Amino acid sequence: MPAGTTGVAPFFGTMQQDVLRQQLSQFGQEHLIRYWPDLRTDEQFALSRDLLAIDFRQIQQLFAAGEDHTNWSELAERALPPPAVRERTAEQNQHARALGQQTLAAGEVGVILTAGGQGTRLGFDQPKGLFPIGPLSGASLFQILFEKVVAARTRFNVAIPLYVMTSQATHHATEQYLQRNQFFGLPPEDVVIFQQGRMPAVDCSTGQVLLEDRHRVAFSPDGHGGLLEALVRSKAMADMQRRNLARLFYLQVDNPLTPVCDPELLGCHVAAGSEMTTLAIAKQSSRDKLGNIVNIDGRVQIIEYSELNPLADDIVERQDMHGQPVFWAGNTAIHIFEFAFLQRMTEVAEGLPFHIARKPVSSLNDAGILVAPKEPNALKFERFIFDLLPHAEHALVVEGKREAVFAPLKNASGEPFDSPESVRAQMTDFHRDWLRSAGVEISDETAVEISPRFAFDEDELRVRKDLPKRVTHETYLR
Ligand code: UTP
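Residues numbered from 1 in each chain as written. Predicted model: local features only at pLDDT ≥ 70, side-chain atom pairs only at ≥ 80, totals over all residues. Heavy atoms only, no water.

Student: An account of the site of the ligand is needed here, citing residue identities and associated values.
Tutor: Neighbouring residues of the ligand: 18 residues in total, closest Gly119, Thr120, Arg121, Gln196 and Lys410. Within the backbone of Val253, a nitrogen or oxygen atom sits 3.0 Å from an oxygen atom of the ligand. At a separation of 2.7 Å, an oxygen atom of the ligand approaches a polar side-chain atom of Lys410. In terms of residue class, the shell around the ligand is made up of 4 nonpolar, 10 polar and 4 charged. (Near = heavy atom within 4 Å. Polar contact = N/O pair within 3.5 Å; in protein donor to acceptor, adjacent residues only side chain to side chain. Nonpolar A, V, L, I, M, F, W, Y, C, P; charged D, E, K, R; others polar.)

Student: Before we move on, could you go through the nonpolar core and cite the residues and values that matter?
Tutor: Counting residues in each nonpolar core, the largest one holds 68 residues, and the members touching the most others are Val111, Phe142, Phe146, Leu435 and Leu461. Those residues in contact with Phe142, other than ones at most four positions away along the chain, are Leu113, Ala115, Gly129, Leu130, Val164, Thr174, Tyr177, Leu178, Phe184 and Val253. Of all hydrophobic cores here, the second largest spans 37 residues; its members include Leu245, Ile302, Trp328 and Val397. (Core = buried A, V, L, I, M, F, W, Y, C linked by side-chain atoms within 4.5 Å. Buried < 20%, exposed > 50% of the residue type's maximum accessible area, 1.4 Å probe, protein only. Contact = heavy atoms within 4.5 Å.)

Student: Give me the packing of aromatic side chains: which residues, what numbers.
Tutor: Tallied over the full model, the rule gives 10 aromatic pairs. Plain terms: the ring middles of Phe124 and Phe131 are 4.9 Å apart, the flat faces sit at 75 degrees to each other, and that makes the pair edge-to-face. Residue class for Phe131 comes out buried when judged on its relative accessible area of 12%. Centroid distance Phe142 to Phe146: 6.0 Å. Interplanar angle 90 degrees. Geometry classified as edge-to-face. Of this pair, Phe142 and Phe146 both sit in helix 6 (residues 141-156), 4 residues apart, roughly one helical turn. Above the face of the Trp328 ring, Arg86 is positioned so that its terminal group lies 3.5 Å from the ring centre. Here Arg198 stacks its cationic end above the ring of Phe219, 3.9 Å away from the centre of that ring. (Phe/Tyr/Trp six-rings, centres within 6.5 Å; stacked < 30°, edge-to-face > 60°. Helix = DSSP H or I, 4+ residues; strand = E, 2+ residues; numbered from the N terminus. Lys NZ or Arg CZ within 6 Å of the ring centre and 35° of its normal.)

Student: How would you sum up the side chain of Lys148? Please name residues and give values.
Tutor: Positionally, Lys148 belongs in helix 6. With residues near it in sequence (within four places) discarded, Lys148 still touches Pro256, Leu257, Thr258, Val260, Pro452 and Phe456.

Structural data, given as structure tokens:
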């Protein structure tokens with residue numbers, strides 16, 4: 001049991017049931033062993049293992065604290081735009097790119113890919129990374145993102161290790177899929193797959209931990225902020241140290257447009273001496289559904305759109321002294337971390353706040369029947385990776401173009417953004433633009449897709465000898 005936790009000890013049989021009841025009743029959780037006498041020994045073992053993994057005191061405190069009490073209106077009124085690299089001259093870009101290329105070629109960069117989410121909104125029956133998103137190729141999110149790492153390795157002729165975070169919900173299927181596909185060309189020794197932690201879901205009104213079966217607690221992943229603790233526990237952090245990595249490129253599995261290992265972004269980060277850099281996109285309106293990166297009291301932090309958007313116009317539309325909107329910087333969830341910063345942050349990992357979300361969670365009702373509610377019945381506890389931002393001594397925001405870097409897949413349909421159709425359309429538009437900028441003629445009606453293996457970036461595309469002059473029909477360049 002980790003130090004400081006108050007999980008119950010694993011006991012079996014009738015006498016032990018009394019001990020369990022006594023321990024659980026301190027926290028009002030004795031319902032969890034309601035079915036104990038009917039369970040087989042292996043089921044009793046499974047349940048006691050689940051119970052052992054829970055810090056009941058922590059759950060009690062989180063429930064008692066309730067949902068967020070932050071005064072968002074007061075914070076939003078004090079917020080300023082974050083320190084940012086926005087408009088850049090060709091010369092500045094060139095300088096940043098050269099620096100980024102240097103750090104890549106020196107083998108100082110690793111990549112972290114978080115893929116532990118349950119993908120509930122998408123409603124796909126496998127981990128989201130397996131979703132076939134390539135508009136013509138049908139390539140999965142994993143394939144596209146892995147091949148971007150392959151392309152960066154080839155371009156800079158260097159090993160770039162990839163750390164993939166999964167969760168109890170996604171681990172097995174992800175590992176099997178990646179092995180079956182030979183890691184899409186990455187050497188297996190350079191792919192480290194590790195599992196994040198989990199937190200139990202509790203009933204919204206009583207705080208009682210939910211059961212998803214008579215011998216199984218309803219757990220969910222502990223949020224992408226569970227990364228730090230998972231890096232340490234899985235020894236992935238030690239692996240990074242052994243490889244002398246100086247910085248990590250962080251991305252999430254749902255965005256196939258992520259410019260993985262982008263030299264310019266890395267260069268801006270290095271040039272500024274930043275500990276944590278975030279790629280931002282300019283919001284189209286202040287109420288865009290994107291996290292707002294701001295500066296409050298000299299610290300960079302995020303105000304989520306769900307906190308900002310309900311506030312009055314005179315706050316949401318605020319401008320700084322130069323007449324620029326305060327809330328312009330939308331979070332893409334693409335970050336660069338200094339390794340030393342990540343290492344330092346492992347000491348505060350336990351202190352990162354839990355965010356509480358009301359969600360529908362399937363659980364056993366009083367009659368012991370599994371019920372899938374349509375409305376939120378449960379509270380889930382998650383840590384967020386962006387809560388590291390205010391801890392950085394120097395954090396930076398770099399602006400990218402939405403159409404070139406940001407197309408996250410979130411929903412099955414029904415939204416103007418974030419659905420498979422809209423993500424595929426955005427990928428096609430982006431690849432068409434790439435071809436045009438490399439001098440290729442292509443009409444707006446012609447579908448095209450470029451595999452990351454064909455070209456790492458526009459520069460590489462331009463110098464390909466087999467690049468067609470004109471694309472007149474559906475084409476997958478690979
Ligand atoms: P989201 O917060 O959008 O969650 O994750 P999701 O699982 O993709 O989708 P919903 O909300 O259930 O519909 C953003 C990214 O963070 C990762 C996800 O895999 C995705 O890449 N993530 C999220 C984790 O790795 N672990 C988590 O606990 C949560």
